[in-house]
Amino acid sequence: MLLRKSSRVLDSPGSSSSSLVQPQGMWASPSSSVAQGDAEMGSLPASGVPDVLDLSSSEDGGGSDSGSDFEDTLWKGGKRGTRTPLSCTLTAKRPRKDASRDGGSLAERNQEPSNLFEVVRLAKSAMESVVDDWLESYKQNKEAGFLELVNFFIRSCGCKGVVTPEMFRKQQNSEIIQQLTEQFDEDSAEYPLVLTTQPWRKFQVGFCELVTVLVRRCQYSIIYDEYLMDTLISLLTGLSDSQVRAFRHTSTLAAMKLMTALVRVALGVSLHKDNNQRQYEAERNKGPSRRATDKLEALLEKRRELQEQQEEIENMMNAIFKGVFVHRYRDVVPEIRAICIEEMGNWMQSYSASFLTDSYLKYIGWTLHDKQREVRLKCLKALQGLYRSREMAARMELFTSRFKGRMVSMVLDKESDVGVEAIKLLTLILQQFDLDWEAVKEKGRRGGSRDFFRLLLAFFIESELHEHAAYLVDSLWDCAAPLLKDWDGLTHLLLEESLEEGWGDQQENALIEILVSSMRQATEGKPPVGRGPGKKVLSARERKALEDDREKLTQYLIPLLPQLLAKFSADAEKVVLLLAAPCYFNLSLYSSGRLEKYLEQLLAQLREVVEKHTCQEVLEAASQALYVLCNPEFTFYSRVDLARSCLVDALTDKFQQEVAELLQVSYLDEDEVYSMAATLKRISVLHNAHDLTPWQLYEPCSLLLQRAVDTGEVPKQVVIPIMTCVHFSILWDLAHVSDTVPAQKELLALKRKVASFCSLCQSCLNDMDSSVREQAFVLLSDLLLVFSPQLTRGEREALELLVYRPEVALQSQLAGFLMDHVFNHAELVGSDEEDSEGKIERLHQRRNLLAGFCKLIIYNVLELSAASDVFKHYAKFYKDYGDIIKETLSRARQIDRDEWARTLLLSLQQLLTELLLQQGPDAVYSKAFLEIRDLARRFSMFFSLHQLHNRQALVALHKAGIKFAFQEPAPSGSELGPLNLPFLEVLSEFSPRLLRPDKKLLLSYLEQTCQARLSPQQRGKAWNPLLTYRRSLRSLDDMGSDASRIAAPRPRRRPSAAAKRRRLDDSSQRGDSSLQLSSRLETPTLTSTVLKRGHQPGSPAQLQEEEGSELDFVQSQPWFSSQRSRESPSQQQLRVPRSASRPGLGSRMDRLSLMEEEEEMVIQEESSDEEDPQGLDRPLIHSHSSQGDQLRDLFDSTILGIEDP
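Keep in mind the model is a prediction, meaning the values are calculated, not measured.

A. Molecular detail of the overall build of the protein chain. Counting secondary structure elements, the protein chain contains 58 helices and zero strands. Counting the 1205 residues in the protein chain, one finds 48% classified as buried. Considering only residue pairs separated by 6 or more positions, the protein chain has 77% of its internal contacts joining residues 24 or more positions apart. Total accessible area computed for the protein chain in this model is approximately 59200 Å², and 50% of it derives from carbon and sulfur atoms.

This is the structure we're talking about:
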C-alpha cells in the first residue's frame, strides 16, 4: 500500500486516550484474543498502572552500570583530543553502493541526508563513539543536537520529511507530526524496521543499540537536564499515537528500548541509594568521638540527590508506560504488540522489585490469548525467564493460579513452536512449585527415578500414541536428561526380583526400550529419524559431553549387562534390545578398567543366546554384538576370537554329523529336520558378519544343495540356509582375492564356484516352494551384481576373469519369476485372512525383488531390452512400484537413449500383441487398449525435456513403430487393414514431442510405407488409426500459411538473465527508485498459449470421427478465403493477427497440433545452450563423475542396500 497524502491512514492504532481507567478487578481479562481489531480492543480493560513506581526496595545482587558519565570523561585533558563536531565529521563519508541498493531506495532518496542516520546505517563506527560525538554537539547547541536526534528517528521511519528549527520553535508536537504525515509520500509501504535484507537488519540492531548507549552515557547528569528526556519522550509518545504504521512501529520500539535503558539506570540509582543508606547508618552508629559530622552531612546530601534522581526516573518511566505501552500493547500490528511484551519481560527480570507485581504481570497474562503466533511466543519466553528464578517464581503465585489454565491449554496450540515453548514453561513451573528437587536428592536418586519411570511407563503404554520409545526419549531429553541417563537406576529396576504391583512383561519391554534409546541419545547426540535436521555438526564441547556420557554408561552397564542377558535370555524381544548395548560402549574400558571378567560373562551369555534361539532377529543381533567385540585393535581380541572359534566349532561339528546322516539316508524325521535347519540358520547368520572360511563350509553345503536340486529330498527349511551359506562363502573368497594379488588358479576356482552356484540357484527358481524360489532369486540378483563388469573398477583389473555374464536362459527365467511373483494381481491382493501388517510385509518383499532385478539392468548385467518386462507394468502397478520403475526409466535413458527408446517401444508392442491375441480386432474398443495409450502417454513425458538430446531416439522410435504397424498384412477380403495398424494410435501419443522437421520427415516415411505395404485398393481406405497418426504429424504450416501464423507466431526469444538485470538497473536509475517494473517490452499479439487458453479443443472421440484434414477444414471457413483474397502475398507474409478469437479455428483445433507449437517454443529457447557436444550425455537428474557414481544412488538404501562410498 502506498503511503500518500490522500491515503496515509493505513490502520487504526487503537485507543489513544491519555487518561487511565482503573479496572474493577485486578485480573479482569478478556476471553478473546488481544488483537482482534479496534472493536475487540475496546473490550479490553484499561491499564491498571500504579501512579508511582515503587522504587523503595532494592536487590542486593545487582550491580551498577559499567558505562562512565560522558561529562566526567569529556573534559579530561590528555586522554582525548579536540573533537570535530558531528556535522563536520560525518558529511564526508560516502554510503556504500550495495548497502543502499539492498534495502530498497529508502536511504538515498533524500537530497539532504541525516548525518546520524547515515552513520548508524553504514555501521562503520563503534556506537559509543557515535554517541559521544552526538553528545559533544548537543553540549554545544542543545536545540541543534536534539534536532539531529529527532530527524534520526524520523528518517528511521522511512519518512522524507525533516524537522526544521523553525518548526521546532513555533509548532506543537501534534502539528509537527501532522505535517510529517502529509509529507510521508513514499512509493512503498516498506520502512527500515520491516526490511529483511542484511544492511537493514544491521541498521535495526544499531537503532536499538543507539538508544541503549545514549541513556547509558547520559545516566549521571544529562538525562536530568529537564530538556532531552522530557522532549524526546513527548515526541515518541506523539509518534506512537500516529495512524501511520511506520511512525507508530518505529517510535514504539524506540520508546520501549528507552524504557529498558531507564530501568537499568533506575536499578543503579536504587543500589547507590541503598549503599549510601548503609554508609550513613554505619557512620551514625559510631561513638561521638569517632563520628564525622562533615561526612554525615555529605552522605545526607548525596541521599537527597539520589532521591531526586530516583523520582525523576520514575516520572520518565511512568510517562513512557502510560503514554506508550498501555496503548500499544494492544495495537493492531502484531509486531508492535510483540515488542511491548518482550521489553516488559526484560523490565521484570532486570528490576523485579518494582515491575514483578500483579499490576504489570496481568498484561502478559492477557496477551497469552493473542491470535498471532509471534505475540504468544514472546509471552511464553518472557514467562520462562521469570520462572527460571526460584525467588521470582515464588512472587508469582497469584499469576500462576490465575493463568495456569491458559498456559496448560497452550500445549495444544495450533502452532507447533508455541506448543513446544508452552511445554518448556510448564516444566519450569513444575520444577518450581510441584516438585521439591532438593527433597528428591535427599530421598535418594533411585527413589526419585523410580517414581519418574513409573509415570513415564504409564504414559508410554496407556497413551498408545506410537510404539517407538526413541521419540519419547528425544522429546524429554531437554528437560529430563539427568533422569533418563540414570542407567544405574534403570538396570536395578530391571534386575529387581520383587516387582511392584502391575509391573509385568509389557512394562519390562518398554523400560528396556527406553534404556537402549537413552543410551543411543546420550552417545550419538542425534535425534531419531524424522525428528530434527538430517546432519548436525557437533561442537567440541558437545563431543566432549558425548564422550563423558559414553564413559559413564560403560562403567554402569559393563557389570550389569551379563546379568540382564541372563535374566531375560528366554525373551527374544528383550534380548534383541539388550544386545544393541555394546555398540554404545567404550569397549577399551574392558582392558583399561580391568573388567575382563565381565567380558567373559558377556561372551558366555552371547553363546547361550545363539544356542538357545533360532529367531532371525536375535541371531543377527548376537552376530552384530560379537562383530563389535571382535576388533583386532582391542587388547582383548584374542579372548573374543577364541570364544567365537569355540562357538563356530561346536556348530560346524554338529552340522558335519547331520550332513553325513542326511546324505546316507533319504528321509529325516521332524526333529532331525528342525535341528539341522536351526544349526544351518545359526551358521548362515554368523557367516554374514564373520569369516568362516577356515571351517570349509562350501563343500558340504554345495553337496547338500546339489542333492536338493537332483532329488528334491532335502526339506525347504534346510535348503534356504544352505543357499545362504554357499552365497556368503563365495563372497568371503572374493574378499580374500581382492585384498591380495590373486593367482590364476584361485581366480579359476572361484569362477567355477560362481558358475556352479548360479546354475543351482537357476534350478531352484523352478522349485515348488515359493520361499525357496524367492531366496534363489535374491541370492542370484546379489551375486550377479557383485560379479558384474563393475567388479573391475577401482584399479581391480586383475579380477577381469571373475566377471560373470548370465546366459539368455537365466535372464528369461529371472524375468519370468518377476512376472509370477511381482506383477501378479493374485500375489498382490493376497488372502482375505491376511492382516494388514502381513500385506505390507509381503509388498515390501516384492519391492525388494523388483529392485534387485532393476539393479541388474542399470548395472549392465542384463540387456536393456529385458527392462520391457518391467516398463510395460508402469501404469498398472504405479501405486506399488511406480517410484522404482520411474527411477529405472530415468537411469536407463542415461545409459543409452536409443536402446532405451527401443525398449519402450518393445513394451508397448508386447502389450498390444497380447491384447490382439486375446480379444482380436475388437480390442481397440476395450478399456485395455485405452490403458496402453495411457502408458504411451506416460512414456512420452520422458521425452519432454532435452528434446534435442532425445531427437534421434524419438525419430527412430516412430520409424520402428510404423514398421510394426504395417508388419502383419491384412487378411484377404478384410476391411480392417493390417493387424497391427491400431498401434499407430498408440504411437501418436509420442508425436507432440517431435520437432517440426522430424514430423515432415516421418509423414513422408509413413506415406512411403503405405505405398510399399498396402495394396492399391487399401491405400484409399480411411482407417481411424492411420488418420489419427497423420493428424498428429501434420503441423499448422501444412494447413496454410495464414492458419499457421494465426495459431503459432514465432515467439520472441527470451532475454538472458544478465540482460534482464541490466535493463532493470537502467530503468531503476532513470526513475525515482520505484519498485514498479517498466513496461518497455512489447507484449506478443498472439501465441499458441493464448489459443490454448482461449479455446478448448474437442474431445478425442470427436477428433477421431473427423475424417477430413485440418487443412481442408481451415480452408473451408469463409473468413479464410475472403481474407486471403483481400491481401497481397507480401501482406500475407507480414500479416500480424489482431484477435485470438476467430470463429471456428480454436474450437476444432487438434490437441496434438496445439501442443507441438507450444513445445517448439521451448525448443527454440533451449537450442542455444544445447548445441555443445558435452551436454548430449548430461544426466537428467544429477551430474556425477562417472556412470558408476550415477547408478549408486538409484534407489534408497532400504530397498537396494547400496552404501555410499
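What follows picks up the thread again.
B. Region of interest: the side chain of Ser517. Structurally, the position occupied by Ser517 is in helix α25 (residues 505-524). A distance of 2.8 Å separates the side chain of Ser517 from the backbone oxygen of Glu513, its partner in a polar contact. Discounting residues that sit within four places of it in the chain, Ser517 has contacts with Ala469, Ala470 and Val473.

C. View of the packing of helix α7 (residues 142-156) against helix α10 (residues 198-217). In contact at an axis separation of 12 Å, α7 and α10 are set at 155° when each is read in the N-to-C sense. Between α7 and α10, the angle is such that the two are roughly antiparallel. For the crossing formed where α7 meets α10, the hand is left-handed. On α10, the residues that touch Leu149, Phe152, Phe153 and Ser156 of α7 are Phe203, Phe207, Leu210, Val211 and Leu214. Counted by class, the contact of α7 with α10 contains eight nonpolar, one polar and no charged residues.

D. Main features of the packing of aromatic side chains. Counting across every chain of the model gives 38 aromatic pairs. Between Phe321 and Phe325 the ring centres are 4.9 Å apart and the planes differ by 15°, which places this aromatic pair in the stacked class. Of the two residues, Phe321 and Phe325 both sit in helix α13 (residues 293-328), four residues apart, roughly one turn of that helix. Considered together, Phe321 and Phe325 belong to a single accessibility category, that of buried residues. Relative to Tyr878, the ring of Tyr874 has its centre 5.5 Å away and its plane inclined at 75°; by these criteria the two rings are edge-to-face. The class for Tyr878 is partly exposed, based on a relative accessible area of 37%.

E. How the structure looks around the nonpolar core. Within the largest apolar cluster, 188 residues are counted, with the highest numbers of intra-cluster contacts made by Tyr590, Phe787, Leu850, Phe871 and Phe966. When neighbours within four sequence positions are excluded, Phe871 is seen to be in contact with Ile885, Thr888, Leu889, Ala892, Trp900, Thr903, Leu904, Ser907, Leu935 and Phe939. By size, the runner-up hydrophobic cluster in this structure holds 111 residues, among which are Val163, Ala255, Val326 and Met392.

Parameters at a glance
Residues numbered from 1 in each chain as written. Predicted model: local features only at pLDDT ≥ 70, side-chain atom pairs only at ≥ 80, totals over all residues. Heavy atoms only, no water. Helix = DSSP H or I, 4+ residues; strand = E, 2+ residues; numbered from the N terminus. Buried < 20%, exposed > 50% of the residue type's maximum accessible area, 1.4 Å probe, protein only. Contact = heavy atoms within 4.5 Å. Areas by Shrake-Rupley, 256 points an atom, 1.4 Å probe, with all protein chains shown as cover. Polar contact = N/O pair within 3.5 Å; in protein donor to acceptor, adjacent residues only side chain to side chain. Axes fitted to C-alpha atoms, helices over the stretch in contact; angles between N-to-C directions. Parallel < 35°, antiparallel > 145°, perpendicular 65-115°, else oblique. Left-handed = near helix turned anticlockwise from the far one by under 90°. Nonpolar A, V, L, I, M, F, W, Y, C, P; charged D, E, K, R; others polar. Phe/Tyr/Trp six-rings, centres within 6.5 Å; stacked < 30°, edge-to-face > 60°. Core = buried A, V, L, I, M, F, W, Y, C linked by side-chain atoms within 4.5 Å.

These results come straight from atomic positions and should not be treated as a statement about function.
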